[in-house]
Amino acid sequence: MKQRVSLFVAAAVVAAAACGKKNDTTSSGGSATASGSDPWAGSAKASGAVDANDCPPPPTTATPAAVTAKLVKPFFFHATKPGMANVWLFGTIHIGVTPDAVPDSILEKLDKSERFAMEADITPSPDLLESIMRNDGKTLADDVGPVVWHKFVCAVGKMQASNAEHMKPSLAATVLDVQGLPTTEALDSFLFQRAKKGGKGIVFLEPAKKQLALLDKWMDAREIVWSVDHLDEIRKNNVELIDSYTAGDEAKAIEMSKDDSEFVKSGRTHDEFVQFMKELLLDRNASWIDEIEGMAKKGDAFVAVGAMHLLGDGSVIDLLQKKGWKIERVAP
């Protein structure tokens, strides 16, 4: 697993949305084939020339339909501790699954809770958009060179590429990382709007700019260079990701989170992968615990965060258990 940011970072959705939701129809959506052969070999791109009409064949892995069926085994947990109110924890995925898939029983727990927490305020705003714009006078094409820039245009379409050209490389890397995932309303945003409408106390566990700073650090031009030649691999992994989420397969999700193969292939080391996971996942989990317990002192709380934050060692669930909370996974 290279990033699988769709299970980790909610702010990535904002970045992707800023780049446009749909590909320009002039793009062929080219990518390397699953066998690893380079469809660019022998083309104008091999010599560095750029021809807007010279794109490789479309990916072999099609984008699946958005998941709309009710989740049968959601990542949904009930946390209790003497002297504390109920805490309900729902593991979301930030793209690919529609709000229709959220079981009614989960929505009922949200509606009955006094407070709602999510990772960050991902409401698009001028301030948030400004934080993903670059101010060094360069463009994405300057970062990656004409060959990779052209591949990026072919992959995402002229409209998205034009929007991303003057944004930080993390934006473009995020857009490539979610290739093959159907565009949907983020579950976090849907739940936030429902909680807001219901008059719940709203808690953001961290600033959105903190998430974006982590993306800037880890999703740089190297990710783009690797990704444009491995879009089929990314798409297949994202299909597997969606499948593991909708099946509620905790073991599979944890297994995917530990796979550093794509990360290393993109030019980094295993040790860097360990540090990446620590900063993007484990450290953030630890920083949320006091806030979650503070909510529980005031009344029932509903917490919606990316599913991987609730799974495995060092997860929010694990850390709460170590502080005396009893936690059980709840079926719809």
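Residues numbered from 1 in each chain as written. Predicted model: local features only at pLDDT ≥ 70, side-chain atom pairs only at ≥ 80, totals over all residues. Heavy atoms only, no water.

Could you give an account of the pattern of salt bridges, naming the residues involved and the relevant values?
Summed over the entire model, instances satisfying the criterion amount to 23 salt bridges. Aspartate 220 is paired through a salt bridge with arginine 268; the nearest N and O atoms lie 3.1 Å apart. On the criterion of sequence distance, the pair formed by aspartate 220 in the loop between α8 (208-218) and α9 (221-227) and arginine 268 in the loop between α12 (261-265) and α13 (270-296) is long-range, its members being 48 residues apart. With respect to class, aspartate 220 is no different from arginine 268; both count as buried. A salt bridge links aspartate 283 to lysine 278; the shortest N-O distance between them is 3.0 Å. When its relative accessible area of 36% is taken as the criterion, lysine 278 is described as partly exposed. Look at the salt bridges and you will find they share partners, linking Lys81, Asp290, Glu293 and Lys323 into a network. (Salt bridge = Lys/Arg side-chain N within 4 Å of Asp/Glu carboxyl O. Helix = DSSP H or I, 4+ residues; strand = E, 2+ residues; numbered from the N terminus. Buried < 20%, exposed > 50% of the residue type's maximum accessible area, 1.4 Å probe, protein only.)

Help me get a handle on the layout of surface pockets, residues and values and all.
Empty space left among the atoms is revealed by rolling a probe the size of a water molecule over them. For the second largest pocket, the calculated volume is near 270 Å³. Considering the residues around the second largest pocket, the lining is formed by 13 residues, among which Ser257, Lys258, Met277, Leu282 and Asp313 are closest to the centre. When grouped by side-chain class, the residues that make up the lining of the second largest pocket number eight nonpolar, two polar and three charged. (1 Å grid on protein atoms, 1.4 Å probe; cavity = no way out; pocket = protein on both sides within 12 Å on 5 of 7 lines; lining within 4 Å. Points joined across faces, edges and corners; volume = space filled by probe spheres on them. Nonpolar A, V, L, I, M, F, W, Y, C, P; charged D, E, K, R; others polar.)

Provide a residue-level description of the sheet that holds strand β4 (residues 201-204), including the pertinent values.
Read from one edge to the other, the open sheet built from six strands follows the order β4-β3-β5-β2-β1-β6, with strand pairing classed as mixed. Because the sheet does not close on itself, it has two edges, and the strands there are β4 and β6 (326-329). On average, each strand axis in the sheet is tilted by 20 degrees relative to the strand beside it, whichever way the strands run. (Pairing = 2+ DSSP bridges. Axes fitted to C-alpha atoms, helices over the stretch in contact; angles between N-to-C directions.)

An account of the pairing of strand β2 (residues 87-92) is requested, with residue identities and associated values reported.
The buried fraction of β2 amounts to six of the six residues, a majority that puts the element mostly inside the structure. Along β2, one buried face is formed by Val87, Leu89 and Gly91 and the opposite face, lined by Trp88, Phe90 and Thr92, is buried too. Sheet topology places strand β1 (residues 76-80) next to β2; four bridges connect them, and they run antiparallel. Across the sheet, residue phenylalanine 76 finds its bridge partner in β2, namely phenylalanine 90. Linking β1 to β2, which pair antiparallel, is a turn of six residues; within it glycine 83 sits at a positive phi near 85 degrees. Bridge count between β2 and strand β5 (residues 301-306): six bridges; the pairing is parallel. What sits directly across from tryptophan 88, in β5, is phenylalanine 302.

Summarise the packing of aromatic side chains; cite the residues concerned and give the values.
Counted according to the given criterion, the structure contains 12 aromatic pairs. Judged by centre distance (5.7 Å) and plane angle (15 degrees), the ring pair of phenylalanine 76 and tryptophan 88 falls under stacked. On the criterion of sequence distance, the pair formed by phenylalanine 76 in strand β1 and tryptophan 88 in strand β2 is long-range, its members being 12 residues apart. With relative accessibility at 10%, the residue tryptophan 88 sits in the buried group. Seen from their ring centres, phenylalanine 263 and phenylalanine 273 are 5.4 Å apart, and the 70 degrees between their planes marks the pair as edge-to-face. Placement of the pair is phenylalanine 263 in helix α12 and phenylalanine 273 in helix α13, with a sequence separation of 10 residues. With a relative accessible area of 0%, phenylalanine 263 lands in the buried category. With relative accessibility at 4%, the residue phenylalanine 273 sits in the buried group. Aromatic ring contacts, followed pair by pair, group Phe76, Trp88, Phe90, Phe116 and Phe302 into a single cluster. (Phe/Tyr/Trp six-rings, centres within 6.5 Å; stacked < 30°, edge-to-face > 60°.)

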